[in-house]
Amino acid sequence: MLRNCSQKLSQMIISELGYEKYDREILEYGFEILLGMTFKFFSILVVSLILHTLPETMLSLLAFALIRNFAGGAHLKTYASCYATGVCMFALNGLIIKYLPFYMNHLIIVSDIFFIISLFITLKWVPAGTEKKVVSDLFTRRKLKGITIITLGVLFILTHIFYFIGNYNLLKAVFCGVLEGMFLVTPLGYKMLRVSYH
């Protein structure tokens, strides 16, 4: 379905704007990614509305996406498996965050320890590539490491703001998103998804 839509959209752009034929594959690929991400986002949004976990799920998704965008990490091999895993993972995040109680003093300590571990994960494995996207340029690797460290710093500060204002669900949301994003950067994350590490 996504492929058909992306082919039709790219054909429409080619015929309307007069792009050369060799641009068609690039346009189709871009539209397929855009449509897939949009569909997955709205599915997660609808599920979180049904479960009454909208703020928790969306903040968890945002933290995950920020980490994932710069750190990279393991990817599932098909869109269907990525879609199903993503929707289920963030639905589960929302439920855990909203309904599973945590002792907050312990959670902030665990969160702080994990952010420190995340710095080591970043220095060791970021950016984590895939078979199709390997980042080998040294300048780009250093830049992505730096941006990931800054992102972790901002999210760390955010968790402490939520802790001090007493919004513990949002603290848990940021923690869950970062935890999952950083896990998929590690070789263990690749092994769990059964993809090769690059």
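Residues numbered from 1 in each chain as written. Predicted model: local features only at pLDDT ≥ 70, side-chain atom pairs only at ≥ 80, totals over all residues. Heavy atoms only, no water.

Draft legend 1. Expanded view of helix α4 (residues 79–99). A rise of 1.5 Å per residue sets the reference length of α4, with its 21 residues, at 30 Å; its end C-alpha atoms lie 30 Å apart and thus fit the reference within 8%. If you check which residues of α4 are buried, you get Gly86, Val87, Phe90, Ala91, Asn93, Gly94 and Ile97. Buried residues in α4, looked at end-on, bunch into an arc of 150°, giving them a common side. Across α4 from its buried face, at more than 90 degrees, point the exposed residues Ala80, Cys88 and Tyr99. Residues of α4 that are buried make contact with α2 (24–51), α3 (54–71) and α7 (168–183). (Helix = DSSP H or I, 4+ residues; strand = E, 2+ residues; numbered from the N terminus. Expected span 1.5 Å × (residues − 1). Buried < 20%, exposed > 50% of the residue type's maximum accessible area, 1.4 Å probe, protein only. Arc of directions from axis to C-beta. Contact = heavy atoms within 4.5 Å.)

Draft legend 2. Main features of the nonpolar core. If you look at the biggest cluster of nonpolar residues, it comprises 29 residues, and the most contacted ones within it are Ile67, Leu155, Val174, Val178 and Met182. Contributions of two or more residues to this core are made by α3, α5 (104–125), α6 (138–165) and α7. Among the elements that take part in this core, α7 stands out by supplying eight residues, more than any other. Judged by nonpolar contacts, the second largest core, of seven residues, contains Ile44, Met58, Val87 and Phe90. (Core = buried A, V, L, I, M, F, W, Y, C linked by side-chain atoms within 4.5 Å.)

Draft legend 3. Region of the structure containing unusual backbone geometry. Of note, the amide linkage connecting Val126 to Pro127 takes the cis form, showing an omega dihedral of -5°. Here the phi dihedral of His52 falls at roughly 60°; this positive angle occurs in a residue that is not glycine. The exposed category is assigned to His52, whose relative accessible area is 57%.

Draft legend 4. The packing of α3 against α6, seen in detail. It is at 8 Å that the axes of α3 and α6 come closest, and there the two elements cross at 160°. With respect to each other, α3 and α6 are oriented roughly antiparallel. Crossing angle aside, the handedness with which α3 passes α6 is left-handed. On α6, the residues touching Leu59, Ala63, Leu66, Ile67, Phe70 and Ala71 of α3 are Leu144, Ile147, Thr148, Thr151, Leu152, Leu155 and Phe162. (Axes fitted to C-alpha atoms, helices over the stretch in contact; angles between N-to-C directions. Parallel < 35°, antiparallel > 145°, perpendicular 65-115°, else oblique. Left-handed = near helix turned anticlockwise from the far one by under 90°.)

Draft legend 5. How the structure looks around the state of the cysteines. Under the criterion given, the structure shown has zero disulfides. Free of any disulfide, Cys82 has its nearest cysteine sulfur in Cys88, 12 Å distant. (Disulfide = S-S within 2.5 Å.)

Draft legend 6. Inspection of the layout of surface pockets at higher detail. Volume-wise, the largest pocket comes out at about 2000 Å³. Put simply, the parts of the chain that give the lining of the largest pocket at least two residues each are α1 (2–17), α2, α3, α4, α6, α7 and α8 (187–193). Among the elements that take part in the lining of the largest pocket, α2 stands out by supplying eight residues, more than any other. Of the residues assigned to the lining of the largest pocket, the class counts are 28 nonpolar, 12 polar and nine charged. Put simply, the second largest pocket is a space of about 190 Å³. Lining the second largest pocket, in full, are Met89, Leu92, Asn93, Ile96, Phe102, Leu107, Lys172, Phe175, Cys176, Leu179 and Glu180. For the lining of the second largest pocket, the elements supplying multiple residues, two or more each, are α4 and α7. Element by element, the count of residues in the lining of the second largest pocket is highest for α7, at five residues. Across the lining of the second largest pocket, the residue classes tally to eight nonpolar, one polar and two charged. (1 Å grid on protein atoms, 1.4 Å probe; cavity = no way out; pocket = protein on both sides within 12 Å on 5 of 7 lines; lining within 4 Å. Points joined across faces, edges and corners; volume = space filled by probe spheres on them. Nonpolar A, V, L, I, M, F, W, Y, C, P; charged D, E, K, R; others polar.)

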